[in-house]
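Here are the chains, one letter per residue:
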Amino acid sequence: MTLLEVTDVTVKFAGLTALDKVGFTVEDGSVHAILGPNGAGKSTCFNVLSGVYRATSGSVRLGRRELVGLAPHRIAALGVARTFQNIALAGRLTVADNLMLGRQRLMKAGFLSAGLRLPQARREEAEHRRRVAEIAEFIGLEDHLHSPVGVLPYGLRKRVELGRALAMEPRLLLLDEPVAGMNGGERREMAALIRAAQRGLGLTVVIVEHDIGLVMNLADRVTVLDFGRLIATGTPAEVQRDPEVIRAYLGADPQQEHRS
Ligand SMILES: Nc1ncnc2c1ncn2[C@@H]1O[C@H](COP(=O)(O)OP(=O)(O)OP(=O)(O)O)[C@@H](O)[C@H]1O
C-alpha cells in the first residue's frame with residue numbers, strides 16, 4: 001500500500017528550478033532513500049514533504065491528505081516527524097527533556113494545568129516520561145537519560161535527534177542525513193537502529209543520504225535526483241546499474257562522496 005505519493009513537484013527559487021516535476025511513491029512500512037549529489041534538490045524535497053517549503057506546483061499526498069499548503073505543525077500532527085541535517089537539539093536540556101519536547105503534540109493537559117501541576121497533568125507527564133525512558137533504551141541512551149545533550153559526543157547527539165522524532169510516535173519518519181559526520185562504526189549502529197525502528201515500530205522511513213553504501217544496504221527503494229530532476233527510481237540494485245545514475249553520482253570517485 002502506498003503511504004506517500006509525490007506527483008510532479010516543482011520548486012522554483014527566483015530563476016532557479018530546485019525541483020522539476022519530481023514524482024515517486026513510498027510504500028507503507030518501507031525505507032525509501034533519496035540520493036543525489038550536492039545541490040540535487042534532496043533537502044528541498046524534504047522541506048516540501050515537511051511543509052517548510054511550499055511546492056510551486058505539484059502534489060504530496062499522505063494517504064488521502066494533501067500536504068502541499070499545510071504548515072509544518074499541521075503536517076507533524078498528521079504523524080510526520082523529521083530530523084535535521086544539522087543537529088537541532090536543546091543542548092542544555094537533558095536527553096529526557098529533549099525527548100519530552102518530541103511528545104508535546106501528544107500531551108492533552110494544557111499549559112495551565114501542567115504549570116499548576118494538577119493531578120491529572122502529573123499523571124499524564126509520568127506516562128510520557130515512562131515512554132521517553134523506553135525510547136531512550138531503544139536508542140541505547142538509557143544511561144544518559146539525565147545528561148545534558150550538549151555534553152554528549154556527536155554520534156550520541158545524532159541518536160537523540162532520532163529519539164526525539166520517535167517520541168512523536170510518527171507513521172512517517174523523515175531522516176535528513178542521519179549518519180553525516182559519523183565514523184564507520186557509528187554509521188553501522190545508526191543504520192541498525194533505523195532498521196529496528198522501521199521493523200519494530202512499523203514505521204515508514206524516508207531518508208536523504210550521501211552515504212551510498214548505507215543507502216544500498218538500508219533502503220528498499222531509492223529515488224535519485226540530479227540538478228532537480230528525477231533520474232532514476234527503483235530497488236538499490238536497479239539504480240546502481242542505471243547508466244545515468246552511474247554518470248551523475250555513483251561513478252564519482254568513491255573517496256570523494258560529495259561533488260563540489
Ligand atoms: N531557500 C532557497 N533559496 C534559494 N535557493 C535555494 C534554497 N534552498 C535550496 N536552494 C537551491 O536549490 C538547489 C537544490 O538545493 P538542495 O539543498 O535541495 O540540494 P541537496 O541535494 O539537498 O544538496 P546537499 O546535498 O548539498 O544538501 C541548489 O541549487 C540550492 O542552492
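Residues numbered from 1 in each chain as written. Predicted model: local features only at pLDDT ≥ 70, side-chain atom pairs only at ≥ 80, totals over all residues.

Draft legend 1. View of the overall build of the chain. Along the chain, the regular secondary structure elements total ten helices and ten strands. Reported as C-alpha extents along the three principal axes, the dimensions of the chain are approximately 60 × 40 × 35 Å. Per-residue burial over the chain gives 39% buried out of 260 residues. Expressed as a percentage of contacts within the chain between residues at least 6 apart in sequence, the contacts between residues at least 24 apart total 65%. (Helix = DSSP H or I, 4+ residues; strand = E, 2+ residues; numbered from the N terminus. Buried ≥ 20, exposed ≤ 12 C-beta atoms within 10 Å, placed from the backbone. Contact = placed C-beta atoms within 7 Å.)

Draft legend 2. Region of interest: the confidence of the model for the chain. Of the residues in the chain, 90% have a pLDDT of 70 or more, and the chain-wide mean is 88. Within the chain, the element-level pLDDT minimum falls on helix α4 (residues 111-115), averaging 60, and the maximum on strand β4 (residues 57-62), averaging 98. Counting interchain partners and residues more than four positions distant, the pLDDT-below-50 stretch residues 253-260 has eight contacts. Here the predicted complex scores 0.88 on pTM and 0.94 on ipTM. (pLDDT = per-residue confidence, 0-100.)

Draft legend 3. Structural context of the site of the ligand. In the vicinity of the ligand, the contacting residues are Phe13, Leu16, Ala18, Gly36, Asn38, Gly39, Ala40, Gly41, Lys42, Ser43 and Thr44. Elements with a contribution of two residues or more to the shell around the ligand: β2 (16-27) and α1 (42-49). The dominant element in the shell around the ligand, judged by the number of residues it contributes, is α1, at three residues. Residues that form the shell around the ligand fall into these classes: four nonpolar, six polar and one charged. (Near = placed C-beta within 6 Å. Nonpolar A, V, L, I, M, F, W, Y, C, P; charged D, E, K, R; others polar.)

Draft legend 4. The arrangement of the sheet that holds strand β3 (residues 31-35) in detail. The strand order across the open sheet built from six strands is β6-β7-β8-β3-β9-β10, with neighbouring strands paired in mixed fashion. Because the sheet does not close on itself, it has two edges, and the strands there are β6 (80-82) and β10 (229-234). Neighbour-to-neighbour, the strand axes of this sheet turn through a mean angle of 15 degrees, independent of strand direction. Relative to β10, strand β9 (residues 221-226) is paired through five bridges, and the arrangement is antiparallel. Along β10, the bridge assignment pairs Thr223 with Thr233. (Pairing = 2+ DSSP bridges. Axes fitted to C-alpha atoms, helices over the stretch in contact; angles between N-to-C directions.)

Draft legend 5. How the structure looks around the nonpolar core. Of all hydrophobic cores here, the largest spans 71 residues; its most connected members are Leu173 and Leu174. Here this core spans two domains, and each of domain 1 (1-79 + 170-260) and domain 2 (92-167) adds at least three residues to it. Setting aside chain neighbours within four positions, we find Leu174 in contact with Phe46, Leu49, Ser50, Val80, Ala81, Arg82 and Val206. (Core = buried A, V, L, I, M, F, W, Y, C linked by C-beta atoms within 7 Å. Domains from an automatic or database assignment.)

Draft legend 6. How the structure looks around helix α7 (residues 184-201). Spanning 18 residues, α7 covers 25 Å between terminal C-alpha atoms, matching the ideal 26 Å at 1.5 Å per step. On its buried face, α7 sits against α6 (154-167), β7 (172-176), β8 (204-208) and α8 (212-218). (Expected span 1.5 Å × (residues − 1).)

Draft legend 7. Focus on the environment of Val239. Looking at the element boundaries, Val239 is found in helix α9 (residues 236-241). Residue Val239 is classed as buried on the basis of its 26 C-beta neighbours within 10 Å. For the pair Val239 and Thr223, spaced 16 residues apart in sequence, the C-alpha to C-alpha distance is 8.1 Å. If sequence neighbours within four positions are ignored, Val239 has contacts with Val222, Val224, Ala232, Gly234 and Val245.

Draft legend 8. View of the domain arrangement of the chain. Once the domains are mapped, the chain shows domain 1 (1-79 + 170-260) and domain 2 (92-167). The centre of domain 1, based on its C-alpha atoms, is set 27 Å off from the matching centre of domain 2. Domain 1 puts eleven residues into the contact, and the matching count from domain 2 is nine residues. The set of elements that each furnish at least two residues to the side of domain 1 that touches domain 2 consists of α2 (72-77) and α7. For the side of domain 1 that touches domain 2, the element with the highest residue contribution is α7, accounting for four residues. For the side of domain 1 that touches domain 2, the class distribution of residues is nine nonpolar, one polar and one charged.

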